[in-house]
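Residue-level listing of the chains:
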Amino acid sequence: MAKLVLWDIDHTLMAMRGLGGELWAAAFEEVTGVPLREQASVTGSTERVILRETARLHDIPFSDDLFTRFADALGAVHLQRAAEVRERGHALPGAATVLAALDKRGVRQSVVTGNVRGVAEVKLAMFGLDTYLRLDDGAYGEDGEERPELLRAALARADVPAVDAVFLGDTPADVAGGRDAGVRVVAVATGRTTRAELQGAGAEVVLDELADTGRVLDAIGA
């Protein structure tokens, strides 16, 4: 049985229906003084990578200080507009039920996400998903640039070997990251990536959704 289940957030547990892009643009303009003209690709990327590449598109020098200020601003704007996050976003069907079922079985759960921690906390809290997650065991956009790096950070914090962990995500980057870190991956085709693309990326198991709790628990090994 899996001892640790790690969850991606966006398009795996929840969706923001476009609000995330608006809040990102607001934080970007706040810290750079430049209106956002174009954002780098976000699918499967961490916040650090997205900011670095977006800054390059605007001829803005990237630095650790810029990222720190941006992370703070992004977390703050999500907190300020938390009611809007709740109104426009939503937990994906079955997400809360699966988290609750795993919690009832005593399975430890956390997140591995490209979001910075302040943003992750707001998103999860707005839909009550944080109740089931040990967020201190997770890894966030502040912890690295690539999924394998984040997964290894989470495993170290939870003090659980890779062989005893399962990672659920919705992108080829999630699948590749899990494989690289030695973690079994259950891919969920609830985002922008098709089942065929996830299988092609090397996912051993691909679910169409989280609504069938029994099937999800079987796939996880719980």
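Quick notes on the rules
Sequence order as written defines the numbering, with residues in each chain counted from 1. Only residues with pLDDT of at least 70 are given local features in this predicted model, and only at 80 or more are side-chain atom pairs given and counted; all residues enter the totals for whole chains, interfaces and linings. The basis for every side-chain value is the complete set of heavy atoms in the structure, and neither hydrogens nor water enter the calculation. Labels follow the DSSP assignment, with helices taken as runs of H or I lasting at least four residues and strands as runs of E lasting at least two, numbered in each case from the N terminus. To estimate the expected span of a helix, subtract one from its residue number and multiply by 1.5 Å. In what follows, residue pairs with any heavy atoms lying within 4.5 Å of each other are defined as contacts. Remark: exposure states derive from per-residue accessible area (1.4 Å probe, protein chains only) relative to the maximum for the residue type, with buried under 20%, exposed over 50%, and partly exposed in between. Comment: axis = line fitted to C-alpha atoms, over the contacting stretch for helices; angle = value between 0 and 180 degrees taken between N-to-C directions. Angle categories are assigned with fixed cut-offs, so that under 35 degrees is roughly parallel, over 145 is roughly antiparallel, 65 to 115 is roughly perpendicular, and the rest are oblique. Less than a right angle of anticlockwise turn of the near helix away from the far helix marks a crossing as left-handed, whereas a clockwise turn marks it as right-handed. Polar here means any residue outside two lists: the nonpolar Ala, Val, Leu, Ile, Met, Phe, Trp, Tyr, Cys and Pro, and the charged Asp, Glu, Lys and Arg; Gly therefore counts as polar.

Draft legend 1. Inspection of helix α1 (residues 19-32) at higher detail. Compared with the 20 Å implied by 1.5 Å per residue over 14 residues, the 20 Å span of α1 between its first and last C-alpha is a close match. Packing partners of the buried residues in α1 comprise α2 (47-57), α3 (64-80) and α4 (82-88). Once α1 finishes, Gly33 follows within two positions and takes phi at roughly 75°, a positive value.

Draft legend 2. Broad picture of unusual backbone geometry. The backbone of Arg17 shows a phi angle near 55°, a positive value even though the residue is not glycine. Positionally, Arg17 belongs in the loop between β2 (14-15) and α1. Here Arg17 falls in the exposed class, since its relative accessible area comes to 57%. Even without being glycine, Asp59 reaches a positive phi, approximately 60°. Relative to the elements of secondary structure, Asp59 occurs in the loop between α2 and α3. Since its relative accessible area comes to 71%, Asp59 is described here as exposed.

Draft legend 3. The arrangement of the packing of α1 against α3 in detail. The geometry of α1 relative to α3 is characterised by a closest axis approach of 9 Å and an angle of 135° between their N-to-C directions. When the axis of α1 is compared with that of α3, the two are oblique. Judged by the sense of rotation from one axis to the other, the crossing of α1 with α3 is right-handed. When α1 is examined against α3, the residues Leu23, Trp24, Ala26, Ala27, Phe28, Glu30, Val31 and Thr32 are found in contact with a partner set consisting of Leu66, Arg69, Phe70, Ala73, Leu74, Val77 and His78. Partitioning the contact of α1 with α3 into residue classes produces 11 nonpolar, two polar and two charged.

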